[in-house]
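# Examining the three-dimensional arrangement
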Amino acid sequence: MFLIHGKRNVIIKTYSNNLEYCKECRAFDLHIMIYQEYYHFFFIPFFPVGAKTAHILCNNCAARAGSSQMRMEYEKQTRSPIWMYTGAVLILGIPLFAIISNLIIG
Ligand SMILES: [Zn+2]
């Protein structure tokens, strides 16, 4: 049987930061993107895979910006989106729904 499954890397959240400056052009205009991989089965996301990674770019000169400390803080404060668990919720939800409706009707 042919199964479509694998991993995809997506941007789960973006931030802007006007408190820290770019070391190249000194502009207080940083753009932060948080990436995370998720496992999909027939394109339905099941669960997030691996660590989140932050990419910080300067909006003014497009240089890579931010310290590793700053990247770590953004990675820590960002939670994996709920839609990444869609498949897992469906798999668990269908039997649970059957049991509950059986208790109510039966
Ligand atoms: Zn810059």
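This report concerns the structure included in the present document. (Residues numbered from 1 in each chain as written. Predicted model: local features only at pLDDT ≥ 70, side-chain atom pairs only at ≥ 80, totals over all residues. Heavy atoms only, no water.)

## Considerations on the side chain of Q36
Within the secondary structure, Q36 sits in strand β2 (residues 30-41). Of note is the side chain of Q36, whose polar atom sits 3.2 Å from the backbone oxygen of G50. At a separation of 2.8 Å, a polar atom in the side chain of Q36 contacts the side chain of S80. Residues in contact with Q36, not counting those within four places in the same chain, are R8, N9, V10, I12, P48, V49, G50, A51, K52, S80 and M84. (Helix = DSSP H or I, 4+ residues; strand = E, 2+ residues; numbered from the N terminus. Polar contact = N/O pair within 3.5 Å; in protein donor to acceptor, adjacent residues only side chain to side chain. Contact = heavy atoms within 4.5 Å.)

## Digging into the pattern of salt bridges
With the rule as written, the count across this model stands at 1 salt bridge. The shortest N-O distance in the salt bridge between K7 and E37 comes to 3.9 Å. With K7 in strand β1 (residues 5-17) and E37 in strand β2, this residue pair connects regions lying 30 residues apart in the sequence. A residue is classified by how much of its surface remains accessible, and E37, at 29% relative accessible area, is partly exposed. (Salt bridge = Lys/Arg side-chain N within 4 Å of Asp/Glu carboxyl O. Buried < 20%, exposed > 50% of the residue type's maximum accessible area, 1.4 Å probe, protein only.)

## Notes on the coordination of the zinc ion
Donor atoms from the polypeptide that coordinate the zinc ion comprise C22 (SG), C25 (SG), C58 (SG) and C61 (SG), at 2.2 to 2.3 Å from the metal. One can describe the donor arrangement at the zinc ion as tetrahedral, given that its 4 donor atoms subtend angles of 104 to 112 degrees at the metal. Here the donor residues of the zinc ion are spaced in sequence according to C-x2-C-x32-C-x2-C. (Donors = N, O, S within 2.8 Å, 3.2 Å for Na, K, Ca; no water. Tetrahedral: all angles 85-135°; square planar, octahedral: opposite > 155°, others 65-115°.)

## A closer look at the pairing of strand β3 (residues 44-58)
Judged from the 11 bridges that link them, β2 and β3 form a sheet pairing that is antiparallel. Its bridge partner lying in β3, H40 is registered against P45. Here β2 hands over to β3 after 2 residues, with F42 in that stretch at a positive phi of 55 degrees. (Pairing = 2+ DSSP bridges.)

## Focus: the environment of D29
Relative to the elements of secondary structure, D29 occurs in the loop between β1 and β2. Judged by its relative accessible area of 28%, D29 is partly exposed. When sequence neighbours within four positions are dropped, the list of residues in contact with D29 reads N17, N18, E20, L57, C58, N59 and N60.

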